Every structure is written in structure tokens, then in C-alpha cells.
Amino acid sequence: MKTILIRRATRHDAKPMADLLAKCQWFTYKTLYSDEYIENLIAQYYNVERIEQENVSISKDWHGYFIAEMEKSILGVIGGGMTDASIGEVYVFYIDPSLRGQGIGTRLLDFFTKHQKFTYGAQEQWVAVAKGNQHGIPFYEAKGFTFHHEELTYGTREEDQDISLKYKREI
């Protein structure tokens, strides 16, 4: 079996990350949102320039992206930050849809969780999952996250009807 490497993303990873994240947006949200809405999400959050900047702008609030890669191919992406002194959050987390169910997501989440816990002192971890996202919800529940509440998704308006389910777990 080939070795999967998990590492911090660099500026040079931005283009393949943008490509993967766009692919994941279509896979995850094609039955939940309009094409126009998905295109806007990709243009706003997953463009190469933004990802390049986010790969080098690392702080307690934004830890940068971490990637799972094999043979220089990016398989998955995770990123997040601390929202309080002991509370970490996963903001972005996607695995190549063709590779789901192979344990890559578990390894990436475990790595990121340890980073938040041991680097920043997180004792609790949160994640927002799109309401109706039947790819993400079962995964997070299997990892010990429990539903807490609903809220508008980050950066959206009420008329977008983009609702996130907020989950949390102790770490």
C-alpha cells in the first residue's frame, strides 16, 4: 500500500487544492443548492489566490490548511482554528469523493484534532455541517460529534436558505 502523508499545505499546493475543493463542493452540495450558489461558493472561498494566502496566514484563529497526499496527489484537505481559549473548530474538511470510505478522512481529522489539542489547548471541537449533507453528518456522528443547534452558514444571508448544523465533541 502506498504511504499517505499528512502535512501543512504550502502556497504551492493552492492550485491542486482549489481543484479538489471545487470538485468536493459539486459532489457534496449538488442536490442541496443551485448551481449558481455552488459556483459563488467556489469563487469566493476556494479560488487559488485565497487559498495561497490562507496557506501562509497561520495563527491561533486560523491554523492554515493540512492536506493528505499520496505520490504528490492531494487526497483531502482540512482547516480550522480556535474560537475560544479551549474550543477548536473545523472550518473546512473535504476528501476526494472517489476516495471516501478508505480511512483518509479519519486520519486527517485525527491529525488535525491532535494539532488543535496539543498546540492550542483545545478541549472541545466544533464543526458546522450543511443541513441535509448526508455525506458529512454520519461521518461526524461516528467520530463522536453530537448535534447542538442550527444556524445560518458563515457568510450567508437568510434568503440563501443555507443552514448549518453545529456539532461538538470533547477532545
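Let me sum up the structure you'll find in this document. Residue indices begin from 1 for each chain and proceed along its sequence in written order. Reporting of local features is limited, given that this is a predicted model, to residues whose pLDDT is at least 70; pairs of side-chain atoms are given and counted only at 80 or more, and all residues count toward the totals for whole chains, interfaces and linings. Calculated side-chain values reflect all of the structure's heavy atoms, with hydrogen atoms and water omitted.

Moving on, we come to the packing of helix H1 (residues 14-29) against helix H2 (residues 35-45). Contact pair H1 / H2: the axes reach a minimum separation of 10 Å and the direction vectors enclose 150°. Classified by the interaxial angle, the pair formed by H1 and H2 is roughly antiparallel. Crossing handedness for the pair H1 and H2: right-handed. Residue-level inspection shows Ala22, Gln25, Trp26 and Tyr29 of H1 in contact with H2, the latter providing Asp35, Ile38, Glu39, Leu41 and Ile42. Note on geometry: axes are C-alpha line fits, over the in-contact stretch for helices, and angles between N-to-C directions span 0 to 180 degrees. Helix and strand assignments come from DSSP, with helices taken as H or I runs of at least 4 residues and strands as E runs of at least 2, each series counted from the N terminus. Small angles under 35 degrees read as roughly parallel and large ones over 145 as roughly antiparallel, with 65 to 115 read as roughly perpendicular and the rest as oblique. Each crossing is labelled by how the near helix is turned from the far one, with a counterclockwise turn of less than a right angle marking it left-handed and a clockwise turn marking it right-handed. Residue contacts follow a heavy-atom distance rule, with two residues in contact if any of their heavy atoms lie within 4.5 Å.

Turning our attention to the layout of surface pockets. Only protein atoms enter the 1 Å grid, on which a cavity is a set of points fitting a 1.4 Å probe that cannot get out and a pocket is an open set with protein on both sides within 12 Å along at least 5 of 7 lines, lining residues being those with an atom within 4 Å of a point. Grid points are joined across faces, edges and corners, and a volume is the space filled by probe spheres set on the points. The volume enclosed by the largest pocket comes to roughly 1,100 Å³. Along the wall of the largest pocket there are 46 residues; nearest its centre are Tyr91, Val92, Phe93, Tyr94 and Ala128. Polar here means any residue other than Ala, Val, Leu, Ile, Met, Phe, Trp, Tyr, Cys and Pro, which are nonpolar, and Asp, Glu, Lys and Arg, which are charged; Gly is therefore polar. Per-class residue counts for the lining of the largest pocket are 25 nonpolar, 13 polar and eight charged.

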